[in-house]
Amino acid sequence: MADVFDRVKAIIVDRLDVDESKVTMEASFKDDLEADSLDVVELVMELEDEFDMEIADEEAEKINTVGDAVNYINSL
Amino acid sequence: MLQGKSALVTGASRGIGREIALELARQGANVAVNFSGSEAKAQEVVDEIKAIGCNAFKVQADVANEANVKEMIKEVIAQFGTLDILVNNAGVTRDNLLMRMKEEEFDQVINTNLKGVFVCTKAVTRQMMKQKSGQIINVASIVGVSGNPGQANYVAAKAGVIGLTKTTAKELASRNIRVNAVAPGFISTDMTDTLTEEQREGMLDMIPLGKLGRPEEVAKVVRFLASEDASYITGQTIHIDGGMVM
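Residues numbered from 1 in each chain as written. Chains lettered and ligands numbered in written order. Predicted model: local features only at pLDDT ≥ 70, side-chain atom pairs only at ≥ 80, totals over all residues. Heavy atoms only, no water.

Q: Please give an account of the overall build of chain A that cites residues and values.
A: The number of helices and strands found in chain A is four helices and zero strands. Taken from the N to the C terminus, the helices and strands of chain A come in the order α-α-α-α. For 76 residues, the compact-globule estimate of 2.2 N^0.38 gives 11 Å, and the C-alpha radius of gyration of chain A, at 11 Å, lies within 12% of that figure. Seen along its three principal axes, the alpha-carbon backbone of chain A occupies a region of about 25 × 25 × 20 Å. (Helix = DSSP H or I, 4+ residues; strand = E, 2+ residues; numbered from the N terminus. Rg over C-alpha atoms; globule rule 2.2 N^0.38 Å.)

Q: Hey, could you go over the pattern of salt bridges for me, with residue numbers and the actual values?
A: The final tally for this structure, using the stated rule, is 22 salt bridges over all chains. A salt bridge links A:Arg15 to A:Glu42, with the shortest nitrogen-to-oxygen separation between them at 3.8 Å. Here the residue A:Arg15 occupies a position in helix α1 (residues 2-16), and A:Glu42 occupies one in helix α2 (residues 37-50), the gap between them amounting to 27 residues. For A:Arg15, a relative accessible area of 24% gives the class partly exposed. For A:Glu42, a relative accessible area of 3% puts it in the buried group. The partner of A:Asp39 in a salt bridge is B:Arg175, and the shortest N-O contact between them spans 2.6 Å. Highlighted residues: A:Asp39 in helix α2 and B:Arg175 in the loop between α6 (152-172) and β6 (177-184), drawn from two different chains. An identical accessibility class is assigned to A:Asp39 and B:Arg175; each is buried. (Salt bridge = Lys/Arg side-chain N within 4 Å of Asp/Glu carboxyl O. Buried < 20%, exposed > 50% of the residue type's maximum accessible area, 1.4 Å probe, protein only.)

Don't take any of this as a statement about function, it's just geometry.
Below, the structure written as structure tokens:
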């Protein structure tokens, strides 16, 4: 669990150029991390590469917070 | 000008697409030559590109079929490593008066000429976003701006391509991906060779420059849009029509 979170966090910090402390499970990409919709699409793409999987568009649309992403990856 | 860049040109076995593929290669680009039916013609284009000294291969795909297109893009990236330039050129015509046009004639043209651009653009976007650069050039048509009797399907598709070009340009500009269109007028190809002398005369009367265009006159504009010389141009539709529509 922590492992997935840390890996996701590292990607978010790098991609969105935000402070590590802001990346919590509850943080919303758009509201808290100042990502636009294209940023979120890009993040999902990077997560797919990092975790070697494909996230269907319908699933990707439900990912709004850091926790959504982490939980989705853990559910696989 | 395009040394080491890699390009995919759809519908590149004949006509304007063929000329675009060759022109990009003359500027140093490696080119994937997409075709749907004419494999032998596609091979000729590949051979000509290799003779110029660039890499090329042919790849069959129906541009409106997402699964086909995904495979094609994968292959281009596997062969060339990157995908810098996409030229959406593949197109068909099924001309008929609106009153006579069958639903399938409308659907076929919209599928290949409009949906095909959407499918191919979506499929390359991932790679271009990763690269943080890319050029997409859509081959629209002047009739998509002016309308043309007997071509309701074709005109609707081409006008759609112009709108799609603008939206894609706006969505991807922040990722350094430029998207532009060209709108050729009457260009001398297989498509226009079938015209009668009378039709030809009628066309020439509408063209201020007084002659049909040549495929290479379209290809050179595409090459310009694909190059860094056009680095501040996105979302535009360049008319290449001898002044027919201003």
